[in-house]
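# Survey of secondary and tertiary structure
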Amino acid sequence: MKRRLVLGTLLGTLSQLAAIGLLLVSAWLISRAAEQPPVMYLMVAIVGVRFFGIARAALRYGERLLTHDAAFGLATRQRLAVYDDLDRLAPGGLGDTRRGDLVSRVVADVESGQDRLLRVRLPWTVTSISVLVVVSLLAFLDWRAALVVLATAVVTAAGVHLLTRWVEASRQAQVAPLRGELASEASELVLNAPDLVAYGAGEPVRERLRGVDARLAAAQNHLAWTTGLGNALVLLATGVAVVLSSVVATDGSLAPVLVAVLVLAPVALVDPFSDVVAAEGLRAVTDAADRRLRAFHETPAPVADPETPAPLPAGHDLRVRGLAVGWGDVPVARGIDLDLPEGGLVAVAGRSGGGKSTLALTLLRLLPVRAGSVELGGVDVERLRGADVRSVVGYLGQDEHVFDTTLRENLRVGDPTADDARLWEALELAGLADFVATLPDGLDTRTGERGGRLSGGERQRLALARLLLGGHRVLVLDEPTEHLDEQTADALVDDLLALRPARSLLLVSHDPRVLARADVVVHLDAPASV
Ligand SMILES: Nc1ncnc2c1ncn2[C@@H]1O[C@H](COP(=O)(O)OP(=O)(O)OP(=O)(O)O)[C@@H](O)[C@H]1O
Ligand SMILES: [Mg+2]
């Protein structure tokens, strides 16, 4: 990628130089033609004009291909890095970051990274090199003219840079976070539209969305202002330079045909400098986006893997002693003791909000052990890699995500290699096979966004079937019978019990039928009664 970028920058610089060459050679050609020499004296310049004209376009095309290719490569890498960060942080490490804001990081901030490369760094590099080349060439003709162009370039660059900083860099820095906020508000409005309509609460949310939109528009307006002022500065500086150059060029020491070349030399730099103005306008935006991505990347994982992880033990009995679990510094439950031998069935009960789901996530190493210990197969889980623990311990949440695709693809999230026979087996175990068999499209039935075309119970059982495909030896099931009617719930519990002894089960439940069949019931709000 680096090579493509360097080569692209080189082509971009050559293209810019060709444009400058085109202007200056044309200036010479027109002045010389005015003297009406035999046409053969003009031939070289005519060929030069053609050459520069064609080369400028061809080189620019090559530059675009190479630098965009490099930038897209970079964006892909950055996007994957954001996904990795999400994977590392969710669910405990995201704090209060909203979904829309996360989407904005993956989309807008990563795109800003492309801008940073293509529209901030590249114009600066190309313009700097072009100025140096033009100044060196002019120095052969007249050192004073060279000095004028150099001074103009330096003053313009510094002026544009300071101007954009001065005209409220902070306003521009708001663009990236405001984009995130806009995405959050918009996604909230869209995702919750039915509820908002039902409660007649759409207007305040729309009002908030409008507010954010207006602030973003104001910030972007400022950006346009800055760019306009910068361009005015470039033109002003060029004007002054043209006047100075004409004073230098017309003092009689130069051949008349070169006068136009000298006078037009500063004008040749207007084009590259307008790219620099645009670059400076964008810089605060792209820097802020970069900072947001970096901050995200540097957020510590809620559960860090040990430096030298222990190998995954052969056994999978769980032993929990004096465990405290929670999201922040204050535990939501503490003093939890629990033994789940291989093939055992333990139920966890407790009031709503008592920390049952939090305990489940802690056992999966998605939240840290706040106090006490958890051992898997006799090894403290803090010595194991999180991913290893999760290959043994599987979890069925209370509100599992169903992807907007077919039943088959949703199931294969659990095991991408599973064939249809295995999918049906899992559906059978989860009590969903009869339902799927009645569907005209069977496994090819689409589930709708967030599983919207399924009932709550069907979604839950689909998620259970998906989990069963994963081959985990310890299953932590959070309220598996919650959405089910009595008969189906009984059947599900029977099916779950049949999974033993190959798998052990930890069932979080209020359901007396589940509690009655467990070997042991652990009450979270009263740990002493274990
Ligand atoms: N993502 C989160 N971030 C911060 N705090 C959370 C988060 N999820 C839950 N909590 C807090 O942790 C506490 C325990 O929640 P938890 O979901 O473990 O309860 P629960 O026992 O599973 O309840 P229920 O029976 O209603 O499912 C609650 O007080 C809740 O406010
Ligand atoms: Mg819960």
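Numbering of residues starts from 1 in every chain and runs along the sequence as written. Chain labels run from A onward and ligand labels from 1 onward, assigned in the order the entries are written. Only residues with pLDDT of 70 or above have their local features reported here, since the model is predicted, and side-chain atom pairs are shown and tallied only from 80 upward, although totals for entire chains, interfaces and linings are computed over all residues. The basis for every side-chain value is the complete set of heavy atoms in the structure, and neither hydrogens nor water enter the calculation.

### Description of the overall build of the protein chain
Broken down by element type, the protein chain carries 18 helices and 9 strands. A radius of gyration in this sense is built from C-alpha atoms; the matching globule rule multiplies 2.2 Å by the number of residues raised to 0.38. Against the compact-globule benchmark of 24 Å for 530 residues, the protein chain has a radius of gyration of 34 Å, which places it well outside the compact range. The dimensions of the protein chain, computed from C-alpha atoms along their principal axes, are 110 × 55 × 50 Å. For each residue, the accessible area found with a 1.4 Å probe, counting protein chains only, is set against the maximum for its type, and the residue is called buried under 20%, exposed over 50%, and partly exposed in between. Expressed as a percentage of its 530 residues, the buried residues of the protein chain come to 46%. Considering only residue pairs separated by 6 or more positions, the protein chain has 77% of its internal contacts joining residues 24 or more positions apart. Note on areas: Shrake-Rupley, 1.4 Å probe, and residue coverage restricted to the protein chains presented here. Total accessible area computed for the protein chain in this model is approximately 26000 Å², and 60% of it derives from carbon and sulfur atoms. Numbered from the N terminus, helices here are DSSP runs of H or I no shorter than four residues, and strands are runs of E no shorter than two. In what follows, residue pairs with any heavy atoms lying within 4.5 Å of each other are defined as contacts.

### Quick look at the coordination of the magnesium ion (ligand 2)
With distances of 2.0 to 2.3 Å, the protein atoms coordinating the magnesium ion (ligand 2) are S357 (OG) and Q398 (OE1). Separated by 41 residues along the polypeptide, S357 in helix α11 (residues 356–363) and Q398 in the loop between β6 (393–396) and α13 (407–412) bring together distant segments of the chain. Given a relative accessible area of 23%, S357 falls into the partly exposed group. Because no water is among the atoms considered, metal sites can look incomplete, with donors defined as N, O and S atoms within 2.8 Å of the metal, or 3.2 Å for Na, K and Ca.

### A few points about the packing of helix α6 (residues 175–191) against helix α10 (residues 270–298)
Look at α6 against α10: their axes get within 7 Å of each other, and the N-to-C directions meet at 60°. The residues of α10 that touch α6, namely those facing V175, A176, P177, R179 and G180, are V285, A288, A289 and R292. Ten residue types, Ala, Val, Leu, Ile, Met, Phe, Trp, Tyr, Cys and Pro, are classed as nonpolar, four, Asp, Glu, Lys and Arg, as charged, and the remainder, Gly among them, as polar. In terms of residue class, the contact of α6 with α10 is made up of 6 nonpolar, 1 polar and 2 charged. Inter-axis angles, ranging from 0 to 180 degrees, are taken between N-to-C directions of lines fitted to C-alpha atoms, where helices are fitted over the stretch in contact.

### As for the layout of surface pockets
As defined here, a cavity is a set of points on a 1 Å grid over the protein atoms alone where a 1.4 Å probe fits but cannot get out. A pocket is an open set with protein on both sides within 12 Å along at least five of seven lines, and residues line them when an atom is within 4 Å of a point. Grid points are joined across faces, edges and corners, and a volume is the space filled by probe spheres set on the points. Of the voids in this model, the largest pocket is the one considered here, and its volume is about 1900 Å³. Every residue lining the largest pocket is counted, 46 residues in all, and those nearest its centre are A90, P91, L366, E400 and H401. For the lining of the largest pocket, the elements supplying multiple residues, two or more each, are α2 (43–89), α11, α12 (386–392), β6 and α16 (456–469). Each domain's limits were defined by an automated method or a database of domain assignments. A domain split of the lining of the largest pocket shows at least three residues from each of domain 1 (2–298) and domain 2 (318–529).

### So, empty space enclosed by the protein
Taken as a whole and assessed by the stated rule, the structure comprises 1 cavity of 30 Å³ or more. A volume near 70 Å³ is recorded for the largest cavity. Lining the largest cavity are T152, A153, T156, V234, T238, P266, L269, V270 and F273. Secondary-structure elements contributing two or more residues to the lining of the largest cavity are α4 (143–166), α8 (202–249) and α10. In the lining of the largest cavity, the residues fall into 6 nonpolar, 3 polar and no charged.

### Some thoughts on the sheet that holds β6
Strand order in the open sheet formed by 5 strands is β6-β7-β8-β3-β9, with parallel pairing between adjacent strands. Each end of this open sheet is capped by a strand with a single partner; those strands are β6 and β9 (520–523). Across this sheet, the average inter-strand angle for adjacent strands is 20°, counted without regard to direction. Pairs of strands are assigned from DSSP output, requiring at least two bridges between the strands. Here β6 runs beside strand β7 (residues 474–478); their pairing, made up of 4 bridges, is parallel. The partner of G394 across the bridge, within β7, is L475.

### Thoughts on the domain arrangement of the protein chain
Frequently, the measure chosen for interface size is the accessible area that the parts lose on association. You can read the domains of the protein chain as domain 1 (2–298) and domain 2 (318–529). Listed as interface residues are 5 residues of domain 1 and, on the opposing side, 5 residues of domain 2. Values labelled buried area give the accessible surface lost by two parts on being combined, using a 1.4 Å probe and summing over both. Across the interface of domain 1 and domain 2, roughly 370 Å² is buried in total on both sides, 63% from carbon and sulfur atoms. Area buried by domain 1 at its contact with domain 2 is led by P91, G92 and L191, which between them contribute 81% of it. A carboxyl oxygen of Asp or Glu within 4 Å of a side-chain nitrogen of Lys or Arg is what we treat as a salt bridge. Counting across the domain 1 and domain 2 interface gives 0 salt bridges. For this analysis, a polar contact is any N or O atom pair within 3.5 Å, provided that within protein one partner can donate a hydrogen and the other can accept it, and provided that sequence-adjacent residues contribute only side-chain to side-chain pairs. The tally of links between domain 1 and domain 2 comes to 0 residue pairs in polar contact (both at pLDDT 80 or more).

### Some points on the packing of aromatic side chains
Aromatic rings from Phe, Tyr and Trp, taking only the six-membered ring of Trp, are treated as a pair when their centres fall within 6.5 Å; an angle between ring planes under 30 degrees marks them as stacked, one over 60 as edge-to-face, and anything in between as tilted. Tallied over the entire structure, the rule returns 1 aromatic pair. The rule for a charge over a ring is simple: NZ of Lys or CZ of Arg within 6 Å of the ring centre, and within 35 degrees of the ring normal. Positioned over the ring face of Y41 is R32, at 5.8 Å from the centre of the ring.

### Remarks on the site of ligand 1
In this text, near means that some heavy atom of the residue lies within 4 Å of the molecule or strand in question. Around ligand 1, the surrounding shell consists of W327, V332, R351, S352, G353, G354, G355, K356, S357, T358, Q398 and H510. Side-chain polar atom of S352 to an oxygen atom of ligand 1: 2.6 Å apart, as the coordinates give it. Contact distances for ligand 1 include 2.8 Å between an oxygen atom and a backbone N or O atom of G353. Protein chains bury 58% of the 640 Å² of accessible surface belonging to ligand 1 in isolation. In terms of residue class, the shell around ligand 1 is built from 2 nonpolar, 8 polar and 2 charged.

### Thoughts on the environment of E449
You can see E449 is positioned in the loop between α15 (433–438) and α16. E449 gets classed as exposed once you look at its relative accessible area, which sits at 58%. Spatially, the C-alpha atom of E449 lies 6.7 Å from that of F403, the residues being 46 residues apart in sequence.

### Overview of the environment of D69
By the secondary structure assignment, D69 is in helix α2. Here D69 falls in the partly exposed class, since its relative accessible area comes to 37%. Linking D69 and M1, residues 68 residues apart in sequence, is a C-alpha distance of 8.2 Å. With sequence-adjacent residues up to four places away left out, D69 is seen in contact with R4 and R64.

### Examining the pattern of salt bridges
All told, the structure shown has 31 salt bridges when counted by the stated rule. For R119, the salt bridge is made with D115, and the minimal N-O distance between the two is 3.4 Å. Here D115 and R119 lie together in helix α3 (residues 99–141), a separation of 4 residues that amounts to about one turn. Looking at R119, the relative accessible area reads 47%, which means it is partly exposed. We note a salt bridge from R283 to E280, for which the minimum N-O separation is 2.8 Å. Taken together, the residues R283 and E280, both in helix α10 and 3 residues apart, mark about one turn of the helix. Classification of R283 by relative accessible area gives partly exposed; the value is 27%. Connected via shared salt-bridge partners are D101, R105, D109 and R292.

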